[in-house]
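The lines below spell out each chain.
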Amino acid sequence: MTLAEDRPAPSGMPAEYERRRTFAIISHPDAGKTTLTEAILLAAGAIHLAGEVRARGERRRTRSDWMKIEQARGISVTTSVMTFARDGLVFNLLDTPGHEDFSEDTYRTLTAVDSAIMVLDAARGIQSQTRKLFEVCRLRDMPIITFINKIDREALDPFALLDEIHDTLALDTTPVTWPVGMGGLFHGLYDLHANTLIAPDATGDAGPPQALSGPDDVALASKLPAERRAALADESLLAREACPPFDLQAYREGHLTPVIFGSALKKFGVAELVSAIARWAPPPRPQPAEPAPVAPGSDKVSGFVFKVQANMDKNHRDRVAFMRVCSGRFQRGMKLRQERTGRQMAVQNPIFFFARDRDLAEEAAAGDIIGIPNHGTISVGDTLSEVDALRFTGLPNFAPEILCRVRVRDAMRTKHLRKALEDLAEEGVTQVFRPRLGGDWIVGVVGPLQLDVLATRMEAEYSIEVVLEPAPYDTARWVDGPADELARFEAANRGALADDKDDRPVFMARNRWDLDRMIQDWPKLSFQSTRERATPTRERA
Ligand code: G4P
């Protein structure tokens, strides 16, 4: 039996991993991801009171917003994992940072899920960040369910929204629910699959579904004004004619998206969304790895780390590596081999996450996320497994778009700077480059907000006040190629070279022209804008 094969389950019983649904929500900021997360947890019975996820009152803060900077700025910048059970299934919802500066972090989170919910604001349609995140999902052919939010407000025409998804994302759409009017004329939601009307209750929130024979059921006469009834009958007919019927395979292959119109705030479409995930979202999929993809049903445990976070909670001053289990049945205390170092490590205190509450995990199946407390020994991109020579692929570093020199205000703290920068680089907060010819450390980020996070955390966690100054570089590229050519290049360009945290050579380009010239002058070398994380350190030529 190899990692590429599923272990046959005992007769008649689905394997444990088949009960897992591991997914993330992607959206443009303000489309309603936080509100929808809370509504999903509520609908699934995972929390009992609205407001437990988002603290009620003055500040926007979800339970999963762990860090001070997030609370101060009212944005979510870290990844959290929420696990809940329903209908015999275990759902793992991975929260992604909504801010565009964190696309790298978000990308890594998306490598750890099997499907995604794409939230659109019904008044805005597809926005820039939605598109970027969608592209990441498409790279992995990820199945996507679309939730068109805020139909209780004035919105774009539902057909225009479906067309936009079809035309800009090249995805077929199948509406599952249909809005009965929007904004001032909003009368509820019609479930096209179940043939039910979900009308507002006395508070304006979604009431219980009422069974009907179809959108032209005479019973609707007592529930909707005549013109709404006529519009519903016409629109639902047109929607059925214009859109292909739901096709599970097309959805699972990433060609078709079921579309749920709804309102996260007023809970319309949320129960329908949860049951759509339960019914259609895929169980854990095989994961890309070398030497071969890993099947979730293989009996050997394996997983990869997609996120490391330090100091999540003042009561637990540790680092936690978030590992997606990709195969086997993980048991507490199990010994796993870290592929990067070859070391065996016993995982004594793994954690399941439900935002701030932590529970000790005794067992986890493929698709689950576990937190592994450690003291800096585990990095993003690490493969941990029971077998030798297995490495999960597909967790890249992106070339930074902003490069800054780092100086410490208090020279006494200089020697701590290295440790702090390396720690934060291991976590993936920033990338760190050490110039070959002396000089200050250089940090690279994809967006400016990452610099704020860096400065705040250096001060709060390492008592180092740093000054960040623009570095005279426009971009950085990982250089690779035949060893002798690389050695010649390194000798000729020492002043423009730095090493990344894994001692990989990086060319620091002053401008686009500089980079283009190098690409031309050294045709045998490649200048890469992404690099797979945690590949074994290059042997120096
Ligand atoms: P995000 O995480 O995607 O950034 O969005 P979030 O849920 O924070 O929602 C952004 C704003 O949109 C919030 O209003 C929220 O109440 C509102 N919203 C979310 N879903 C719906 C919906 O279905 N209908 C309507 N009408 N509004 C919705 P805010 O005023 O910015 O924040 P708050 O004062 O309500 O916290």
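Scroll up for the structure.
Scope of this entry: the structure provided in the associated data block. If you're wondering where the values come from, they're calculated on a predicted model, not measured in any experiment. The numbers attached to residues start from 1 for each chain and follow its sequence in the written order. Per-residue local features of the predicted model are confined to residues with pLDDT of at least 70, and side-chain atom pairs are confined, for both listing and counting, to 80 or more; whole-chain, interface and lining totals are unaffected and use all residues. Where side-chain values are given, they derive from all heavy atoms of the structure, hydrogens and water being excluded.

### A closer look at the overall build of the chain
Here comes step 1: Only DSSP runs of H or I reaching four residues or more are called helices, and only runs of E reaching two or more are called strands; each is numbered from the N terminus. Across its full length, the chain carries 12 helices and 33 strands.
Here comes step 2: A 1.4 Å probe rolled over the protein chains alone gives each residue an accessible area, and that area as a share of the maximum for its type sets the label: buried under 20%, exposed over 50%, partly exposed in between. Taken across its 541 residues, the chain has 57% of its residues classed as buried.
Here comes step 3: Note on contacts: a residue pair is in contact if any heavy atoms of the two residues lie within 4.5 Å. Taking the contacts inside the chain whose residues are at least 6 apart along the sequence as the reference set, 71% of them involve residues at least 24 apart.
Here comes step 4: In short, Shrake-Rupley with a 1.4 Å probe defines the accessible areas, and a residue's cover is counted only from the protein chains shown. Put simply, the chain shows about 22500 Å² of open surface, and 50% of that area lies on carbon and sulfur atoms.

### Focus: the pattern of salt bridges
Here comes step 1: Only one rule defines a salt bridge in this text: a Lys or Arg side-chain nitrogen within 4 Å of an Asp or Glu carboxyl oxygen. Under the criterion given, the structure shown has 24 salt bridges.
Here comes step 2: Put simply, Glu-461 and Arg-457 hold a salt bridge, and the shortest N to O gap is 2.9 Å. Residue Glu-461 and its partner Arg-457 are both found in helix α10 (residues 449-462); the two are separated by four residues, about one turn of the helix.
Here comes step 3: In this structure, a network of salt bridges that share partners links the residues Glu-16, Arg-19, Arg-20 and Asp-368.

### Quick look at the sheet that holds strand β32 (residues 526-528)
Consider a sheet: its strands pair through backbone hydrogen bonds, and that pairing is either parallel or antiparallel.
Here comes step 1: A pair of strands is considered paired only if DSSP assigns at least 2 bridges between the two. Pairing is antiparallel across the open sheet formed by eight strands, whose spatial order is β28-β25-β27-β26-β30-β31-β29-β32. Both outer strands of the open sheet, β28 (466-470) and β32, are each paired with one neighbouring strand and no more. Here the average twist between neighbouring strands, direction ignored, is 40 degrees.
Here comes step 2: Where strand β25 (residues 402-408) meets strand β27 (residues 441-445), five bridges bridge the pair, whose relative direction is antiparallel. In the strand pairing of β27, Arg-405 is matched with Ile-442.
Here comes step 3: Relative to strand β31 (residues 505-509), helix α12 (residues 512-521) is tilted by about 130 degrees, and along the sheet it contacts β29 (475-480), β31 and β32. A fitted line through C-alpha atoms serves as each axis, taken over the contacting stretch for helices, and the angle formed by two N-to-C directions is quoted from 0 to 180°.

### Points about the side chain of Glu-485
Here comes step 1: Its location among the elements puts Glu-485 in helix α11 (residues 483-492).
Here comes step 2: Ignoring any residue separated from it by four or fewer positions in sequence, one finds Glu-485 in contact with Trp-522, Lys-524 and Leu-525.

### Focus on the nonpolar core
Here comes step 1: The nonpolar core is taken to be a set of buried Ala, Val, Leu, Ile, Met, Phe, Trp, Tyr and Cys residues, with the residues joined through side-chain atoms within 4.5 Å. Of all hydrophobic cores here, the largest spans 59 residues; its most connected members are Leu-110, Ile-148, Ile-165, Trp-178, Phe-261 and Phe-306.
Here comes step 2: If one sorts the elements of this core by residue count, helix α5 (residues 158-169) sits on top with five residues.
Here comes step 3: Leave out the neighbours within four places in its chain, and Trp-178 touches Pro-158, Phe-159, Leu-162, Gly-188, Leu-189, Tyr-190, Leu-192, Leu-232, Glu-235, Ala-239 and Phe-261.

### Thoughts on α5
Helical geometry: 3.6 residues make up each α-helical turn, so side chains three or four residues apart lie on a common side.
Here comes step 1: To estimate how far a helix should reach, multiply one less than its number of residues by 1.5 Å. A rise of 1.5 Å per residue sets the reference length of α5, with its 12 residues, at 16 Å; its end C-alpha atoms lie 16 Å apart and thus fit the reference within 8%.
Here comes step 2: Within the span of α5, buried status applies to Pro-158, Phe-159, Leu-161, Leu-162, Ile-165 and Leu-169. The buried residues of α5 occupy an angular sector of 165 degrees when the element is viewed end-on, so they sit on one face.
Here comes step 3: At the N-terminal boundary of α5, the capping side chain belongs to Asp-157, with an oxygen 3.1 Å from the backbone nitrogen of Phe-159.
Here comes step 4: Looking at the residues trailing α5, positive phi occurs at Ala-170, about 55 degrees. In this context, the arc is that of the directions from the helix axis out to the C-beta atoms. Counting of polar contacts relies on pairs of N or O atoms within 3.5 Å, with two restrictions inside protein: one atom must be capable of donating a hydrogen and the other of accepting it, and residues adjacent in sequence are counted only when both atoms are side-chain atoms.

### Considering the side chain of Asn-149
Here comes step 1: Positionally, Asn-149 belongs in strand β5 (residues 144-149).
Here comes step 2: Owing to a relative accessible area of 3%, Asn-149 belongs among the buried residues under this scheme.
Here comes step 3: Polar side-chain contacts of Asn-149 include one of 2.9 Å to the backbone oxygen of Ala-31.
Here comes step 4: Residues contacting Asn-149, with those up to four places away along its chain left out, are Ala-31, Gly-32, Val-119, Leu-120, Asp-121, Ala-122, Gly-262, Ser-263 and Ala-264.

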